[in-house]
Amino acid sequence: MKRKLIAAIGIAGMVVTVAACGGSDSGSSDNSGADAKELTVWLTVDAQNNWPALVKAADAAVQKKHPGIKINHEYYGWPDKNTKLDAVLATDKAPDVVEMGNTEMLGYMVKGAFAPLDTSKFTNSSAWLDGLKASVTYDGKTYGVPYYAGGRVGNWRKDVFASVGVKSPPKTYAELTAALDKVQKKEGDKFSAWYQPTRDWYAAMSFVYDAGGSIAVESGGQWKANLSSPESVKGLTEFKNVVDKYMHGDKTKDESDRYIVYGQGKSGMIFGAAWEGATSADPKNDKTGKLKDNLENFVMPGPSGKNMPVFLGGSDLAVPVKSKAQAVAAEWINAFTGPSGQKGLMAKGNLPNNKTDLATLKNDPATAVPATAAESNWFVPMAPGWGQVEKAQVLQTMLQNIGTGKKSVEAAAKEADAAIDKVINTK
(Lines give C-alpha, C1' and ligand atoms only; values in the text may rest on other atoms or scores of the structure.)
Protein backbone atom coordinates (compact mmCIF):
# COMPACT_ATOMS: atom_id res chain seq x y z
CA MET A 1 0.00 0.00 0.00
CA LYS A 2 2.84 2.35 0.75
CA ARG A 3 3.92 2.06 -2.87
CA LYS A 4 0.89 4.04 -3.98
CA LEU A 5 1.69 6.82 -1.55
CA ILE A 6 5.28 7.04 -2.72
CA ALA A 7 4.28 6.91 -6.37
CA ALA A 8 2.03 9.88 -5.82
CA ILE A 9 4.51 12.21 -4.12
CA GLY A 10 5.97 15.13 -5.98
CA ILE A 11 9.10 15.34 -8.06
CA ALA A 12 12.11 15.40 -5.76
CA GLY A 13 14.16 17.87 -7.70
CA MET A 14 15.73 15.50 -10.21
CA VAL A 15 18.59 17.39 -11.83
CA VAL A 16 20.40 14.75 -13.84
CA THR A 17 21.45 15.99 -17.28
CA VAL A 18 21.26 13.40 -20.01
CA ALA A 19 22.92 13.94 -23.35
CA ALA A 20 20.38 13.35 -26.09
CA CYS A 21 21.59 10.45 -28.16
CA GLY A 22 19.28 10.88 -31.10
CA GLY A 23 17.48 7.62 -30.38
CA SER A 24 14.74 6.92 -32.88
CA ASP A 25 11.11 6.19 -32.09
CA SER A 26 10.75 2.69 -30.72
CA GLY A 27 8.54 1.69 -33.60
CA SER A 28 11.19 2.36 -36.24
CA SER A 29 13.72 -0.11 -37.57
CA ASP A 30 16.81 2.07 -37.94
CA ASN A 31 19.04 1.82 -34.85
CA SER A 32 16.06 0.74 -32.79
CA GLY A 33 17.44 -2.62 -31.67
CA ALA A 34 14.64 -4.57 -33.36
CA ASP A 35 16.98 -7.57 -33.51
CA ALA A 36 18.30 -7.17 -29.97
CA LYS A 37 19.60 -10.29 -28.25
CA GLU A 38 19.21 -8.97 -24.71
CA LEU A 39 16.74 -6.81 -22.79
CA THR A 40 17.12 -5.28 -19.34
CA VAL A 41 13.98 -4.33 -17.42
CA TRP A 42 14.01 -2.29 -14.23
CA LEU A 43 10.90 -2.49 -12.05
CA THR A 44 10.17 -1.70 -8.43
CA VAL A 45 9.83 -4.45 -5.86
CA ASP A 46 6.04 -4.18 -6.14
CA ALA A 47 6.12 -6.27 -9.31
CA GLN A 48 8.58 -8.72 -7.81
CA ASN A 49 6.53 -9.23 -4.65
CA ASN A 50 2.96 -8.83 -5.82
CA TRP A 51 2.60 -9.87 -9.47
CA PRO A 52 5.67 -11.81 -10.63
CA ALA A 53 3.47 -13.98 -12.87
CA LEU A 54 2.63 -10.91 -14.98
CA VAL A 55 6.33 -10.24 -15.50
CA LYS A 56 6.90 -13.83 -16.59
CA ALA A 57 3.97 -13.65 -18.99
CA ALA A 58 5.39 -10.52 -20.66
CA ASP A 59 8.78 -12.23 -20.93
CA ALA A 60 7.19 -15.26 -22.54
CA ALA A 61 5.35 -13.14 -25.12
CA VAL A 62 8.55 -11.35 -26.17
CA GLN A 63 10.61 -14.56 -26.20
CA LYS A 64 8.04 -16.22 -28.43
CA LYS A 65 8.51 -13.46 -31.00
CA HIS A 66 12.26 -13.24 -30.47
CA PRO A 67 13.55 -16.78 -29.80
CA GLY A 68 16.76 -16.84 -27.77
CA ILE A 69 16.52 -13.29 -26.42
CA LYS A 70 17.77 -12.94 -22.86
CA ILE A 71 15.63 -10.83 -20.53
CA ASN A 72 17.23 -9.50 -17.37
CA HIS A 73 15.23 -8.08 -14.47
CA GLU A 74 16.40 -5.77 -11.73
CA TYR A 75 14.13 -4.67 -8.89
CA TYR A 76 14.47 -1.56 -6.79
CA GLY A 77 12.80 0.07 -3.81
CA TRP A 78 11.24 3.46 -4.46
CA PRO A 79 13.76 5.42 -2.35
CA ASP A 80 16.74 3.93 -4.22
CA LYS A 81 15.58 3.71 -7.81
CA ASN A 82 16.18 7.21 -9.11
CA THR A 83 19.65 7.55 -7.58
CA LYS A 84 20.71 4.38 -9.39
CA LEU A 85 18.96 5.45 -12.58
CA ASP A 86 20.61 8.86 -12.60
CA ALA A 87 24.01 7.23 -12.25
CA VAL A 88 23.50 4.67 -15.00
CA LEU A 89 22.02 7.17 -17.46
CA ALA A 90 25.35 8.94 -17.49
CA THR A 91 26.95 5.74 -18.90
CA ASP A 92 26.28 3.45 -21.85
CA LYS A 93 24.72 0.80 -19.57
CA ALA A 94 21.19 2.16 -19.50
CA PRO A 95 18.33 -0.32 -18.95
CA ASP A 96 15.86 -0.80 -21.78
CA VAL A 97 12.69 -0.46 -19.69
CA VAL A 98 12.38 1.47 -16.43
CA GLU A 99 9.44 1.96 -14.08
CA MET A 100 8.80 5.52 -12.94
CA GLY A 101 6.36 7.05 -10.50
CA ASN A 102 4.10 9.14 -12.72
CA THR A 103 5.10 12.40 -11.03
CA GLU A 104 8.75 11.50 -11.59
CA MET A 105 8.39 11.37 -15.38
CA LEU A 106 8.40 15.08 -16.15
CA GLY A 107 11.92 15.91 -14.99
CA TYR A 108 13.38 13.10 -17.05
CA MET A 109 11.35 13.97 -20.14
CA VAL A 110 12.47 17.60 -19.93
CA LYS A 111 16.11 16.50 -19.80
CA GLY A 112 15.74 14.17 -22.79
CA ALA A 113 16.32 10.97 -20.83
CA PHE A 114 13.58 8.91 -22.48
CA ALA A 115 12.93 7.93 -26.06
CA PRO A 116 9.69 9.05 -27.74
CA LEU A 117 7.21 6.22 -28.27
CA ASP A 118 4.69 5.49 -31.01
CA THR A 119 1.34 5.22 -29.18
CA SER A 120 -0.11 3.10 -31.97
CA LYS A 121 2.14 0.28 -30.76
CA PHE A 122 0.29 0.04 -27.44
CA THR A 123 -3.03 -1.74 -27.21
CA ASN A 124 -4.92 0.54 -24.83
CA SER A 125 -3.38 3.89 -25.77
CA SER A 126 -6.55 5.39 -27.25
CA ALA A 127 -8.35 4.82 -23.94
CA TRP A 128 -5.62 5.78 -21.43
CA LEU A 129 -7.01 7.69 -18.45
CA ASP A 130 -6.58 11.41 -19.04
CA GLY A 131 -4.45 12.04 -15.97
CA LEU A 132 -2.17 9.10 -16.77
CA LYS A 133 -1.83 10.11 -20.42
CA ALA A 134 -0.79 13.58 -19.27
CA SER A 135 1.97 12.09 -17.12
CA VAL A 136 3.75 10.57 -20.14
CA THR A 137 3.24 13.47 -22.54
CA TYR A 138 5.62 16.39 -22.94
CA ASP A 139 5.91 18.96 -25.71
CA GLY A 140 3.44 17.04 -27.86
CA LYS A 141 5.29 13.72 -27.71
CA THR A 142 4.71 10.53 -25.72
CA TYR A 143 7.63 9.27 -23.64
CA GLY A 144 6.09 6.50 -21.57
CA VAL A 145 3.21 4.09 -21.09
CA PRO A 146 0.88 4.19 -18.06
CA TYR A 147 1.26 1.00 -16.01
CA TYR A 148 -1.35 1.22 -13.24
CA ALA A 149 -3.02 3.85 -11.10
CA GLY A 150 -4.20 4.62 -7.59
CA GLY A 151 -6.94 7.20 -6.99
CA ARG A 152 -8.43 9.19 -4.13
CA VAL A 153 -11.74 8.69 -2.37
CA GLY A 154 -13.66 9.84 0.66
CA ASN A 155 -13.56 7.53 3.69
CA TRP A 156 -15.84 7.84 6.70
CA ARG A 157 -16.48 6.22 10.05
CA LYS A 158 -19.90 4.66 9.82
CA ASP A 159 -20.42 4.70 13.59
CA VAL A 160 -19.69 8.41 13.93
CA PHE A 161 -22.11 9.41 11.21
CA ALA A 162 -24.74 6.88 12.30
CA SER A 163 -24.70 8.56 15.71
CA VAL A 164 -26.21 11.67 14.09
CA GLY A 165 -28.65 9.70 11.98
CA VAL A 166 -26.65 9.45 8.75
CA LYS A 167 -26.45 5.85 7.60
CA SER A 168 -25.53 6.06 3.91
CA PRO A 169 -22.54 7.74 2.26
CA PRO A 170 -23.37 11.20 0.90
CA LYS A 171 -24.18 11.46 -2.79
CA THR A 172 -23.98 15.25 -3.02
CA TYR A 173 -21.76 17.89 -1.47
CA ALA A 174 -24.77 19.41 0.28
CA GLU A 175 -25.52 16.05 1.89
CA LEU A 176 -21.87 15.74 2.92
CA THR A 177 -21.62 19.15 4.58
CA ALA A 178 -24.99 18.72 6.31
CA ALA A 179 -23.78 15.45 7.82
CA LEU A 180 -20.44 16.99 8.78
CA ASP A 181 -22.22 19.89 10.50
CA LYS A 182 -24.17 17.42 12.64
CA VAL A 183 -21.06 15.45 13.56
CA GLN A 184 -19.06 18.56 14.39
CA LYS A 185 -21.83 19.93 16.62
CA LYS A 186 -22.18 16.63 18.47
CA GLU A 187 -18.46 15.89 18.94
CA GLY A 188 -17.19 19.39 19.74
CA ASP A 189 -14.14 21.36 18.72
CA LYS A 190 -11.57 18.79 19.85
CA PHE A 191 -12.83 16.47 17.13
CA SER A 192 -12.34 16.91 13.37
CA ALA A 193 -15.51 15.95 11.54
CA TRP A 194 -13.26 15.96 8.45
CA TYR A 195 -9.55 15.62 9.06
CA GLN A 196 -8.15 17.60 6.13
CA PRO A 197 -4.47 18.57 6.45
CA THR A 198 -4.03 22.15 5.31
CA ARG A 199 -0.90 21.55 3.23
CA ASP A 200 -2.47 18.67 1.28
CA TRP A 201 -2.31 20.23 -2.17
CA TYR A 202 -3.68 17.12 -3.88
CA ALA A 203 -7.00 17.63 -2.08
CA ALA A 204 -6.94 21.41 -2.42
CA MET A 205 -6.33 21.28 -6.15
CA SER A 206 -9.26 18.88 -6.52
CA PHE A 207 -11.43 21.72 -5.22
CA VAL A 208 -9.76 24.08 -7.69
CA TYR A 209 -10.34 21.82 -10.69
CA ASP A 210 -13.90 21.08 -9.52
CA ALA A 211 -14.60 24.82 -9.64
CA GLY A 212 -13.26 25.08 -13.19
CA GLY A 213 -9.88 26.47 -12.17
CA SER A 214 -6.39 25.09 -12.59
CA ILE A 215 -2.84 25.40 -11.33
CA ALA A 216 -1.55 26.80 -14.60
CA VAL A 217 -2.60 27.13 -18.23
CA GLU A 218 -0.60 26.74 -21.42
CA SER A 219 -0.85 28.98 -24.47
CA GLY A 220 1.50 29.14 -27.41
CA GLY A 221 4.06 26.93 -25.72
CA GLN A 222 4.22 29.07 -22.58
CA TRP A 223 2.72 28.30 -19.19
CA LYS A 224 1.16 30.85 -16.85
CA ALA A 225 -0.01 30.31 -13.28
CA ASN A 226 -3.78 30.39 -12.83
CA LEU A 227 -4.43 30.10 -9.10
CA SER A 228 -5.65 33.69 -8.77
CA SER A 229 -8.30 33.27 -11.48
CA PRO A 230 -11.91 33.64 -10.24
CA GLU A 231 -12.56 29.93 -10.73
CA SER A 232 -9.44 28.83 -8.84
CA VAL A 233 -10.14 31.29 -6.02
CA LYS A 234 -13.64 29.85 -5.74
CA GLY A 235 -12.20 26.37 -5.28
CA LEU A 236 -9.56 27.54 -2.79
CA THR A 237 -12.22 29.41 -0.82
CA GLU A 238 -14.31 26.26 -0.45
CA PHE A 239 -11.20 24.33 0.61
CA LYS A 240 -10.60 26.98 3.28
CA ASN A 241 -14.22 26.61 4.44
CA VAL A 242 -13.63 22.90 4.99
CA VAL A 243 -10.45 23.52 6.96
CA ASP A 244 -12.07 26.29 9.02
CA LYS A 245 -15.25 24.35 9.90
CA TYR A 246 -14.20 20.74 10.21
CA MET A 247 -10.41 20.50 10.65
CA HIS A 248 -9.50 20.97 14.29
CA GLY A 249 -6.01 19.51 14.16
CA ASP A 250 -2.64 21.14 13.50
CA LYS A 251 -3.17 23.45 10.52
CA THR A 252 0.49 23.42 9.52
CA LYS A 253 0.58 19.70 8.68
CA ASP A 254 0.61 17.86 5.38
CA GLU A 255 -1.04 14.55 4.53
CA SER A 256 1.95 12.23 5.01
CA ASP A 257 0.71 10.79 8.33
CA ARG A 258 -3.02 11.24 7.76
CA TYR A 259 -3.70 7.51 8.02
CA ILE A 260 -2.00 7.48 11.41
CA VAL A 261 -3.96 10.47 12.69
CA TYR A 262 -7.19 8.97 11.39
CA GLY A 263 -6.41 5.79 13.27
CA GLN A 264 -6.30 7.73 16.53
CA GLY A 265 -10.07 8.08 16.41
CA LYS A 266 -10.46 11.84 16.67
CA SER A 267 -11.91 12.42 13.22
CA GLY A 268 -14.94 11.32 11.27
CA MET A 269 -13.72 11.25 7.66
CA ILE A 270 -10.80 11.84 5.33
CA PHE A 271 -10.32 12.46 1.60
CA GLY A 272 -7.19 10.68 0.48
CA ALA A 273 -5.61 7.77 -1.34
CA ALA A 274 -7.92 4.76 -1.55
CA TRP A 275 -5.64 2.64 0.65
CA GLU A 276 -5.51 5.07 3.58
CA GLY A 277 -8.73 3.98 5.29
CA ALA A 278 -7.74 0.32 5.37
CA THR A 279 -4.28 1.24 6.62
CA SER A 280 -5.78 3.31 9.43
CA ALA A 281 -7.82 0.27 10.46
CA ASP A 282 -4.75 -1.94 10.63
CA PRO A 283 -4.36 -3.03 14.28
CA LYS A 284 -1.00 -1.31 14.57
CA ASN A 285 -2.60 2.03 13.59
CA ASP A 286 -6.10 1.66 15.05
CA LYS A 287 -5.91 3.13 18.56
CA THR A 288 -9.67 2.89 19.03
CA GLY A 289 -10.12 -0.82 18.38
CA LYS A 290 -13.28 0.13 16.48
CA LEU A 291 -12.15 0.85 12.94
CA LYS A 292 -12.07 -2.63 11.44
CA ASP A 293 -15.27 -3.15 9.42
CA ASN A 294 -16.35 0.35 10.45
CA LEU A 295 -14.66 2.39 7.72
CA GLU A 296 -16.14 2.83 4.27
CA ASN A 297 -14.83 4.42 1.07
CA PHE A 298 -17.16 6.58 -0.99
CA VAL A 299 -16.96 8.64 -4.15
CA MET A 300 -16.20 12.19 -3.10
CA PRO A 301 -18.90 14.61 -4.29
CA GLY A 302 -17.74 18.03 -5.41
CA PRO A 303 -19.32 21.43 -4.75
CA SER A 304 -19.93 21.69 -8.51
CA GLY A 305 -22.55 18.94 -8.34
CA LYS A 306 -20.27 16.47 -10.10
CA ASN A 307 -17.87 13.93 -8.63
CA MET A 308 -14.74 15.59 -7.28
CA PRO A 309 -11.86 15.42 -9.80
CA VAL A 310 -9.05 13.42 -8.20
CA PHE A 311 -5.31 13.24 -8.65
CA LEU A 312 -4.17 9.90 -10.01
CA GLY A 313 -0.94 8.54 -8.63
CA GLY A 314 0.69 5.47 -10.09
CA SER A 315 3.50 4.17 -12.27
CA ASP A 316 4.60 4.56 -15.88
CA LEU A 317 7.08 2.57 -17.97
CA ALA A 318 9.65 4.36 -20.12
CA VAL A 319 12.45 3.47 -22.54
CA PRO A 320 15.72 5.34 -21.87
CA VAL A 321 16.99 7.16 -24.94
CA LYS A 322 20.32 5.32 -24.55
CA SER A 323 18.66 1.90 -24.80
CA LYS A 324 20.06 -0.21 -27.62
CA ALA A 325 16.84 -2.25 -27.81
CA GLN A 326 14.10 0.35 -28.03
CA ALA A 327 11.78 -1.58 -30.36
CA VAL A 328 11.86 -4.77 -28.28
CA ALA A 329 11.54 -2.70 -25.11
CA ALA A 330 8.30 -1.26 -26.49
CA GLU A 331 7.08 -4.76 -27.28
CA TRP A 332 7.78 -5.89 -23.71
CA ILE A 333 5.93 -2.88 -22.30
CA ASN A 334 2.92 -3.59 -24.50
CA ALA A 335 2.88 -7.23 -23.42
CA PHE A 336 3.11 -6.21 -19.78
CA THR A 337 0.52 -3.39 -19.84
CA GLY A 338 -1.86 -4.85 -22.42
CA PRO A 339 -5.26 -6.46 -21.78
CA SER A 340 -4.04 -9.55 -19.90
CA GLY A 341 -1.61 -7.50 -17.85
CA GLN A 342 -4.28 -4.99 -16.88
CA LYS A 343 -6.60 -7.81 -15.85
CA GLY A 344 -3.89 -9.20 -13.58
CA LEU A 345 -3.11 -5.79 -12.09
CA MET A 346 -6.80 -5.13 -11.37
CA ALA A 347 -7.01 -8.49 -9.61
CA LYS A 348 -4.28 -7.22 -7.28
CA GLY A 349 -6.28 -4.14 -6.32
CA ASN A 350 -4.84 -1.60 -8.76
CA LEU A 351 -6.74 0.70 -11.05
CA PRO A 352 -6.09 0.03 -14.76
CA ASN A 353 -4.43 2.46 -17.12
CA ASN A 354 -7.46 2.81 -19.40
CA LYS A 355 -11.13 3.80 -19.41
CA THR A 356 -12.37 0.55 -20.96
CA ASP A 357 -11.08 -1.65 -18.14
CA LEU A 358 -12.01 0.97 -15.55
CA ALA A 359 -15.63 0.72 -16.66
CA THR A 360 -15.67 -3.01 -15.86
CA LEU A 361 -14.62 -2.30 -12.27
CA LYS A 362 -17.66 -0.08 -11.77
CA ASN A 363 -19.88 -3.15 -12.03
CA ASP A 364 -18.24 -4.86 -9.06
CA PRO A 365 -19.30 -3.55 -5.62
CA ALA A 366 -15.80 -4.27 -4.31
CA THR A 367 -14.17 -1.90 -6.81
CA ALA A 368 -16.98 0.44 -7.85
CA VAL A 369 -16.00 3.32 -5.56
CA PRO A 370 -12.34 3.81 -6.57
CA ALA A 371 -13.18 3.10 -10.22
CA THR A 372 -15.98 5.67 -10.30
CA ALA A 373 -13.89 8.25 -8.45
CA ALA A 374 -11.01 7.82 -10.91
CA GLU A 375 -13.19 8.64 -13.93
CA SER A 376 -12.84 12.36 -13.18
CA ASN A 377 -9.16 13.11 -12.74
CA TRP A 378 -6.48 15.75 -13.12
CA PHE A 379 -2.69 15.91 -13.29
CA VAL A 380 0.00 18.49 -12.69
CA PRO A 381 0.98 21.00 -15.40
CA MET A 382 3.43 19.29 -17.74
CA ALA A 383 5.61 22.38 -17.88
CA PRO A 384 9.43 22.31 -17.98
CA GLY A 385 9.78 24.09 -14.65
CA TRP A 386 7.09 22.24 -12.72
CA GLY A 387 9.69 20.28 -10.77
CA GLN A 388 11.01 23.57 -9.38
CA VAL A 389 7.51 24.55 -8.28
CA GLU A 390 7.14 21.31 -6.35
CA LYS A 391 10.63 21.50 -4.88
CA ALA A 392 9.91 25.01 -3.56
CA GLN A 393 6.59 23.79 -2.07
CA VAL A 394 4.79 26.80 -3.49
CA LEU A 395 1.35 25.24 -3.22
CA GLN A 396 1.90 23.97 0.32
CA THR A 397 3.04 27.40 1.47
CA MET A 398 0.01 29.04 -0.14
CA LEU A 399 -2.36 26.57 1.50
CA GLN A 400 -0.81 26.95 4.93
CA ASN A 401 -1.08 30.73 4.66
CA ILE A 402 -4.75 30.33 3.70
CA GLY A 403 -5.57 27.69 6.31
CA THR A 404 -3.92 29.49 9.21
CA GLY A 405 -5.45 32.82 8.23
CA LYS A 406 -2.06 34.42 7.68
CA LYS A 407 -3.21 35.63 4.27
CA SER A 408 -6.48 35.91 2.42
CA VAL A 409 -7.24 33.43 -0.33
CA GLU A 410 -6.79 36.11 -2.98
CA ALA A 411 -3.47 37.40 -1.60
CA ALA A 412 -2.01 33.92 -1.09
CA ALA A 413 -3.07 32.85 -4.60
CA LYS A 414 -1.51 35.92 -6.21
CA GLU A 415 1.72 35.34 -4.31
CA ALA A 416 1.76 31.69 -5.42
CA ASP A 417 1.11 32.68 -9.03
CA ALA A 418 4.05 35.07 -8.97
CA ALA A 419 6.34 32.37 -7.57
CA ILE A 420 5.15 29.83 -10.13
CA ASP A 421 5.55 32.22 -13.08
CA LYS A 422 9.21 32.79 -12.19
CA VAL A 423 10.16 29.17 -12.81
CA ILE A 424 7.44 27.23 -14.62
CA ASN A 425 8.86 27.81 -18.11
CA THR A 426 12.49 27.24 -17.10
CA LYS A 427 14.17 23.95 -17.97
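Rules and cut-offs
Residues numbered from 1 in each chain as written. Predicted model: local features only at pLDDT ≥ 70, side-chain atom pairs only at ≥ 80, totals over all residues. Heavy atoms only, no water. Helix = DSSP H or I, 4+ residues; strand = E, 2+ residues; numbered from the N terminus. Buried < 20%, exposed > 50% of the residue type's maximum accessible area, 1.4 Å probe, protein only. Contact = heavy atoms within 4.5 Å. pLDDT = per-residue confidence, 0-100. Salt bridge = Lys/Arg side-chain N within 4 Å of Asp/Glu carboxyl O. Phe/Tyr/Trp six-rings, centres within 6.5 Å; stacked < 30°, edge-to-face > 60°. Lys NZ or Arg CZ within 6 Å of the ring centre and 35° of its normal. Pairing = 2+ DSSP bridges. Axes fitted to C-alpha atoms, helices over the stretch in contact; angles between N-to-C directions. Core = buried A, V, L, I, M, F, W, Y, C linked by side-chain atoms within 4.5 Å.

Looking at the environment of Val 145
When you line up the elements, Val 145 lands in strand β6 (residues 145–150). Note on Val 145: relative accessible area 1%, which makes it buried. Linking Val 145 and Leu 89, residues 56 residues apart in sequence, is a C-alpha distance of 19 Å. Apart from the residues lying within four places of it in its own chain, the contact partners of Val 145 are Leu 117, Phe 122, Trp 128, Val 136, Asp 316, Leu 317, Ile 333 and Thr 337.

Overview of the confidence of the model for the chain
Summarising the model, the chain shows a mean pLDDT of 92, and 93% of its residues fall at 70 or more. Segment residues 1–31 is flagged for pLDDT under 50; beyond a separation of four residues in sequence, or across chains, it makes 71 contacts in the model.

Quick word on the pattern of salt bridges
Per the counting criterion, the structure on display carries 14 salt bridges. One salt bridge in this structure joins Glu 104 and Lys 81, with 2.9 Å as the shortest N-O distance. Remark: Lys 81 occurs in helix α4 (residues 78–89) and Glu 104 occurs in the loop between β3 (97–101) and α5 (105–110); sequence separation between them is 23 residues. Across the pair, Lys 81 and Glu 104 agree in class, each one buried. A salt bridge links Asp 257 to Lys 253; the nearest nitrogen and oxygen atoms lie 2.6 Å apart.

With respect to the packing of aromatic side chains
With the rule as written, the count across this model stands at 20 aromatic pairs. When the ring of Tyr 202 is compared with that of Phe 311, the centres are 4.7 Å apart and the planes differ by 45 degrees; the resulting orientation is tilted. Of this pair, Tyr 202 sits in helix α9 (residues 201–210) while Phe 311 sits in strand β12 (residues 310–311), and the two are 109 residues apart along the sequence. Per residue, the accessibility class of Tyr 202 equals that of Phe 311, and both read buried. Plain terms: the ring middles of Tyr 209 and Trp 378 are 5.0 Å apart, the flat faces sit at 10 degrees to each other, and that makes the pair stacked. Here Tyr 209, found in helix α9, pairs with Trp 378, found in strand β14 (residues 377–378); they are 169 residues apart in sequence, far enough to count as distant. On the accessibility criterion, Tyr 209 (22% relative accessible area) is partly exposed. Grouping aromatic residues by their ring pairs yields a cluster made of Trp 201, Tyr 202, Tyr 209, Phe 311, Trp 378, Phe 379 and Trp 386. Positioned over the ring face of Tyr 202 is Arg 152, at 4.7 Å from the centre of the ring.

Focus: the sheet that holds strand β1 (residues 38–44)
Taken together, 5 strands build an open sheet; the order of strands is β2-β1-β3-β13-β6 and the sheet is mixed. The open sheet has two edge strands with one neighbour each: β2 (70–76) and β6. The sheet shows a mean angle of 20 degrees between the axes of neighbouring strands, taken without regard to direction. Pairing analysis gives 4 bridges linking β3 to strand β13 (residues 313–318), with the strands arranged antiparallel.

Quick notes on the nonpolar core
If you look at the biggest cluster of nonpolar residues, it comprises 123 residues, and the most contacted ones within it are Phe 114, Trp 194, Trp 201, Met 205, Trp 332, Phe 336 and Met 398. Here this core takes 7 residues from α9, the largest share from any one element. Filtering out sequence-adjacent residues up to four positions away, Trp 194 remains in contact with Leu 176, Leu 180, Phe 207, Val 242, Tyr 246, Met 247, Met 269, Ile 270, Phe 271 and Met 300.

A look at the sheet that holds strand β11 (residues 295–298)
An order of β10-β7-β11 is seen for the 3 strands of this open sheet, with the pairing classed as antiparallel. Each of the sheet's edge strands pairs with one partner strand only, and the pair in question is β10 (269–273) and β11. Taking each pair of neighbouring strands and ignoring which way they run, the sheet shows an average axis angle of 30 degrees. Bridge count for strand β7 (residues 152–157) against β11 is 4 bridges, and the pairing is antiparallel. Within the sheet, the bridge partner assigned to Asn 155 lies in β11 and is Asn 297.

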